[in-house]
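# Descriptive structure summary
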Amino acid sequence: MSEDKRRFTLDRSFWTVTIALGLISAVLMALVKFMPLDRVLPEAADSAQSIDYLFKFMTFFSIPIMVYVYGFALYFIFRYRRRHDQPMTDVGSGIHDHKGLEFWWTMVPAVLMLTLGILSYLEIPKYYQAKAGAVTLEAIGHKWFYEFRYPGLKNSVYNELHLPVGVPVTIDVTAAEANERDAVIHSFWVPEFRVKQDMVPGLVVPLTFTPIRQGTYPLVCTEFCGVGHSAMRAAVVIQSRSDFDAWYKKTAAASGHPTVALSAGNAAGGQQIFAQKCTACHNAAPFDQRKVGPGLGNLFHDPAHPKLVDGKPANAKDVAEIISQGFRGDMGMMPNMQANGLSAKDVANLIAYLQTLHK
Ligand code: CUA
């Protein structure tokens, strides 16, 4: 037996540390096993239950690996540190190779990773394919709002995704591509569903899941998509079947947009709304000073562009029509008043304000 082997035989403190690390692992593993994730972040769809199960599996087995790796590293650092009476040139022992240890610390993580891979393969793909018999609808990411199209509904629904509880749904997720300027990547993320999918122009990804808990949950864009990114949020409303049917019926019956009484407009109110809702895309400046859309400062009084609205001079009624219905054309795309959260009164106020500019 060599000199080295005797000096570095593991002593009793090593086994004490090993048992202590085992106890710490057991406590942490029990915490993971019994942690009510559902109470921290509700599991509002079956996809959430699957992801949480995989998450717990991975965390549960990661804990002993982490505790022993860090625990032994710390222990060895202190236990076998250089003493003051040892020369600075001391380099410690030349131990290497332990076939048994190396076999096990390779095999155990390899088997765990393989198991996690197989479990993921069994759980995850079913949420990424269309399902026969599921309600199918479309979700489209725009700058900077969400559009939802339901079968049988003539008008799109904006920024509010209504779903019936307990009914499987397939959502075809994509992003608008009216022109190159507008074609950016958004994201469809509902934390309570544990579903996160990029919305890519030209690519349609089917997401399938079953909502299992009623309530209102946030839908968030997590892909940086321009100046309005931080405001790109919507609500997912999971309702009972009868509430959903009532909502659907009401939405189907709604005819277009509320009539806007323009005479009631108030310029000061319009200025406020403009600052809140319009300045992400528009300046109150000459037409050519674009942000996302053109400058609107001279909209009603523009000698350089006398025919601004459909080749006609701008008048209050036509401009109100564009703000209410939205715009799609060579200049880009503007969402309608519902998507922008504008009331009929807001539209009237905006018109009154725009008319006061650069008179
Ligand atoms: Cu859309 Cu960020």
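The rules behind each value
Every chain begins its residue count from 1, and numbering advances along the sequence as written. For this predicted model, a pLDDT threshold of at least 70 governs which residues receive local features, and a threshold of 80 or more governs which side-chain atom pairs are given and counted, while totals over whole chains, interfaces and linings are taken from all residues. The side-chain numbers reported here are obtained from all heavy atoms of the structure, hydrogens and water having been left aside. Within this document, salt bridges are pairs made up of a side-chain nitrogen of Lys or Arg and a carboxyl oxygen of Asp or Glu, the two lying within 4 Å of each other. Strands are runs of DSSP state E lasting at least 2 residues, helices are runs of H or I lasting at least 4, and numbering of each runs from the N terminus. Burial status follows relative accessibility: with a 1.4 Å probe on protein chains alone, a residue under 20% of its type maximum counts as buried, one over 50% as exposed, and anything between as partly exposed. A pocket here means an open set of points on a 1 Å grid, computed over the protein atoms alone, that has protein on both sides within 12 Å along at least five of seven lines. A cavity is instead a set of points where a 1.4 Å probe fits but cannot get out; residues with an atom within 4 Å of a point line either one. Grid points are joined across faces, edges and corners, and a volume is the space filled by probe spheres set on the points. Three residue categories are used. Nonpolar comprises Ala, Val, Leu, Ile, Met, Phe, Trp, Tyr, Cys and Pro, charged comprises Asp, Glu, Lys and Arg, and polar comprises the others, including Gly. At least two bridges found by DSSP between two strands are what make those strands a pair.

What follows is about the pattern of salt bridges. The full count for this structure, using the stated rule, is seven salt bridges. Across the pair Asp-38 and Arg-213 runs a salt bridge whose closest N-O atoms are separated by 2.6 Å. In this pair, Asp-38 sits in helix H3 (residues 37–40) while Arg-213 sits in the loop between strand E8 (205–209) and strand E9 (215–220), placing the two residues 175 residues apart along the sequence. In this structure Asp-38 comes out as partly exposed when scored by relative accessible area, which is 27%. Relative accessible area serves as the criterion here: at 33%, Arg-213 is assigned to the partly exposed category.

Here the focus is the layout of surface pockets. Here the second largest pocket defines a volume of roughly 1,000 Å³. Taken together, the elements giving at least two residues each to the lining of the second largest pocket come down to helix H7 (267–278), helix H8 (316–325), strand E12 (332–334) and helix H9 (344–356). In terms of residues, the lining of the second largest pocket owes the most to one element, H7, which gives five residues. Looking at the lining of the second largest pocket residue by residue, the class counts come to 28 nonpolar, 10 polar and seven charged.

Next up on the list: the pairing of strand E5 (residues 169–175). Most of E5 is tucked away, with six of its seven residues classed as buried. Taken together, the seven bridges between strand E1 (residues 135–142) and E5 define a ladder with parallel strand orientation. Bridge pairing links Thr-136 to Thr-170 in E5. Bridge analysis of E5 against E8 gives five bridges, and the strand direction is antiparallel. The partner of Val-173 across the bridge, within E8, is Val-205.

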